[in-house]
Amino acid sequence: MHAPAIVLRAAGEPDQLRLEDVEVAEPGPGEVQIRHTAIGVNFHDVYVRSGLYHTLPLPGIPGIEAAGVVTATGPGTTQFRPGDRVAYMTRQYGCYAAARIIDEDLLIPLPDAVSDELAATHLLKGLTAYALLHEVYAVKPRDRVLVHAAAGGVGALLCQWAAAKGACVIGTAGSQKKAGFALQHGCSHAILYREEDFVRRVDEITAGQGVQVAYDSVGKDTFFGSLACLAPTGHLANFGQSSGAVPPFEVSQLFKKSNSLSRMSVFVQLRDVGHRRDVARQLLAAFGDGTLSPSPVQRFSLADAAQAHRAMESRERMGSLLLVP
Ligand SMILES: NC(=O)c1ccc[n+]([C@@H]2O[C@H](COP(=O)([O-])OP(=O)(O)OC[C@H]3O[C@@H](n4cnc5c(N)ncnc54)[C@H](OP(=O)(O)O)[C@@H]3O)[C@@H](O)[C@H]2O)c1
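Because the structure is predicted, anything quoted here is derived from the model rather than measured.

## Remarks on the pattern of salt bridges
Phase 1: A full pass over the atoms with the stated rule returns eleven salt bridges.
Phase 2: In this structure, Asp221 and Lys220 form a salt bridge, with 3.3 Å as the shortest nitrogen-oxygen distance.
Phase 3: Judged by its relative accessible area of 42%, Lys220 falls in the partly exposed class.
Phase 4: Across the pair Asp278 and Arg281 runs a salt bridge whose closest N-O atoms are separated by 4.0 Å. Placement of the pair is Asp278 and Arg281 together in helix H8 (residues 273-288), with a separation of three residues, close to one helical turn.
Phase 5: One connected set of salt bridges, linked through shared partners, spans Glu196, Arg200, Arg201 and Glu204.

## Describing the site of the ligand
Phase 1: The full set close to the ligand counts 27 residues, and Lys178, Tyr193, Met264, Val266 and Arg315 are the nearest of them.
Phase 2: Here an oxygen atom of the ligand sits 2.9 Å away from a polar atom, N or O, in the side chain of Ser242.
Phase 3: Take Val266: an N or O atom from its main chain is 2.7 Å from an oxygen atom of the ligand.
Phase 4: Considered on its own, the ligand offers 910 Å² of accessible surface; in the complex 91% of this is hidden by protein.
Phase 5: Only helix H1 (43-50), helix H3 (153-164) and helix H9 (305-313) provide two or more residues apiece to the shell around the ligand.

## Focus: helix H5 (residues 198-205)
Phase 1: Every buried residue belonging to H5 is among Phe198, Arg201 and Val202, and all of these are buried. Along the axis of H5, the buried residues cluster in a sector spanning 100°; they form a single face.
Phase 2: For H5, the N-terminal capping position is held by Asp197, with its side-chain oxygen 3.0 Å away from the main-chain nitrogen of Val199.
Phase 3: Positive backbone phi, at 50°, marks Ala207, one or two positions downstream of H5.

## What to know about the sheet that holds strand S12 (residues 230-238)
Phase 1: The six strands are arranged S10-S9-S8-S11-S12-S13 in an open sheet whose pairing can be described as parallel. Of all the strands in the sheet, just strand S10 (189-192) and strand S13 (260-263) have a single pairing partner and so form its edges. Strand-to-strand twist of the sheet, defined as the mean angle between neighbouring strand axes without regard to direction, takes the value 15°.
Phase 2: Looking at chain direction, strand S8 (residues 144-147) and strand S11 (residues 211-216) are connected through three bridges and run parallel. Residue pairing across strands places Val147 opposite Tyr215, the latter belonging to S11.
Phase 3: Against the sheet, helix H2 (residues 116-136) makes contact with S11, S12 and S13, and its axis sits at roughly 145° relative to S12, the strand it touches most.
Phase 4: Packed on one face of the sheet, helix H4 (residues 176-184) meets strand S9 (168-173) and S10 and runs near 165° to S10.

## A word on the UniProt feature "domain: Enoyl reductase (ER)" (unreviewed entry) in the protein chain
Phase 1: When the UniProt feature table is mapped to this numbering, "domain: Enoyl reductase (ER)" (unreviewed entry) covers residues 12-323.
Phase 2: Between the end C-alpha atoms of residues 12-323 there is a gap of 20 Å, over a span that is 30% helix and 26% strand.

## Describing the packing of aromatic side chains
Phase 1: Taken as a whole and assessed by the stated rule, the structure comprises six aromatic pairs.
Phase 2: Judged by centre distance (5.7 Å) and plane angle (65°), the ring pair of Tyr130 and Trp161 falls under edge-to-face. In this pair, Tyr130 is assigned in helix H2 and Trp161 in helix H3, connecting sequence segments 31 residues apart. With respect to burial, Tyr130 and Trp161 carry one shared label: buried.
Phase 3: Chaining the aromatic ring pairs together yields one cluster made of Phe43, Tyr47 and Tyr53.

Conventions we followed
- What you see as residue numbers is a count from 1 along each chain, following the sequence as written.
- Local features in this predicted model are restricted to residues whose pLDDT is 70 or higher, and side-chain atom pairs enter the listing and the counts only when it is 80 or higher, whereas totals over whole chains, interfaces and linings include all residues.
- Side-chain measures were taken over the full set of non-hydrogen atoms in the model, leaving aside hydrogen atoms and water.
- In the sections that follow, a salt bridge refers to a side-chain nitrogen of Lys or Arg positioned within 4 Å of a carboxyl oxygen of Asp or Glu.
- When a residue's accessible area, from a 1.4 Å probe over protein chains only, is under 20% of the maximum for its type it is buried; when over 50% it is exposed; and in between it is partly exposed.
- Each helix is a run of DSSP H or I of at least 4 residues and each strand a run of E of at least 2, with the numbering of both proceeding from the N terminus.
- The cutoff for a nearby residue is simple: one of its non-hydrogen atoms must lie within 4 Å of the molecule or strand.
- Polar contacts, as counted here, are pairs of nitrogen or oxygen atoms within 3.5 Å of one another; within protein the pair requires one atom able to donate a hydrogen and one able to accept it, and residues that are adjacent in sequence qualify only if both atoms are side-chain atoms.
- Methods summary: accessible areas were calculated by the Shrake-Rupley approach with a probe of 1.4 Å, and residue burial reflects only the protein chains presented.
- Along the arc lie the directions from the helix axis toward the C-beta atoms.
- At least two DSSP bridges between two strands are needed for those strands to be called paired.
- Working convention: axes come from line fits to C-alpha atoms, limited for helices to the stretch in contact. Angles between N-to-C directions cover 0 to 180 degrees.
- The criterion used for residue contact is that any of the two residues' heavy atoms lie within 4.5 Å.
- UniProt positions are given in the numbering used here, feature names are shortened, and annotations may be inferred rather than shown by experiment.
- Aromatic pairing here means that ring centres of Phe, Tyr or Trp (its six-membered ring) are within 6.5 Å. Orientation follows from the plane angle: under 30 degrees is stacked, over 60 is edge-to-face, and everything else is tilted.

See the structure below:
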């Protein structure tokens with residue numbers, strides 16, 4: 001069987017993302033074949049396409065998050081049947097395709113109430129937010145929490161969930177419109193960090209006490225400022241580098257306020273199948289009971305993956321990006 005897929009042959013600009021016809025093999029032991037209905041676009045995909053990450057062997061099919069329907073099962077598979085609706089996140093790439101083979105252990109069954117579109121755009125981001133808020137640093141009521149890119153995909157989920165846990169959330173955002181969005185999605189305070197000195201503003205907002213945790217996915221432009229915002233024993237959870245890689249860093253800088261630092265990977269954090277499915281259930285329940293509201297979705301056809309990447313890199317965008325095969 002053949003299916004359309006985006007194949008990256010060389011790292012570079014978005015126009016390297018080109019549609020090709022690829023062969024989809026029959027599923028082997030423990031594998032299923034899926035027809036994708038919705039494919040999530042994540043900032044990770046930009047790192048891979050641009051060459052910042054060398055984690056996808058080229059030529060290769062990018063993409064780490066999707067939803068769809070099981071169309072065939074391999075020998076010895078026990079967990080899924082043709083017709084089952086599923087979603088997944090994966091470090092094995094290959095999501096920018098109309099169909100693929102995948103290890104059945106990676107799949108999360110989708111309840112009727114959850115749309116393919118929601119799952120494909122919010123599973124990876126939501127699992128990331130869960131792990132950051134519950135495992136990397138367990139947010140408590142009345143904690144002061146700083147979230148960068150608070151109107152972004154992961155950012156908006158972090159803010160809503162931290163607020164639901166009773167924390168006071170301070171968000172940074174790149175525009176007035178995004179700051180308004182952040183204030184409607186869990187933030188008590190929003191800082192325009194391209195115009196204002198966010199370290200000074202956090203100091204004012206917290207009356208000099210700093211934050212117990214800073215969630216920083218922006219990296220190069222914010223890392224040292226985030227460190228400066230921490231309260232004594234506060235934790236800096238760096239989990240991305242949307243502005244570029246964090247420069248080399250003296251560990252002794254943590255000593256002054258007895259701070260700690262982590263650099264989480266959601267794939268490693270939630271590598272256990274049972275744990276990942278359990279967290280996914282909690283995530284989908286949080287969308288179901290209104291604790292979390294999904295961000296608006298901008299749709300592109302699979303063939304227009306390059307346009308989706310341009311939108312992802314443009315800081316005008318808010319919400320999630322979706323490819324439709
Ligand atoms: N560690 C993990 O396991 C894990 C898992 C998932 C995601 N992540 C990371 O989480 C972050 C958010 O991912 P996402 O997919 O939800 O993306 P996103 O937050 O929707 O988009 C990234 C945001 O970063 C901000 N930004 C700051 N400097 C930027 C720059 N120079 N260029 C572009 N954007 C810049 C922009 O918001 P403003 O305009 O408001 O500044 C932009 O909207 C990414 O860094 C991603 O790598 C990590």
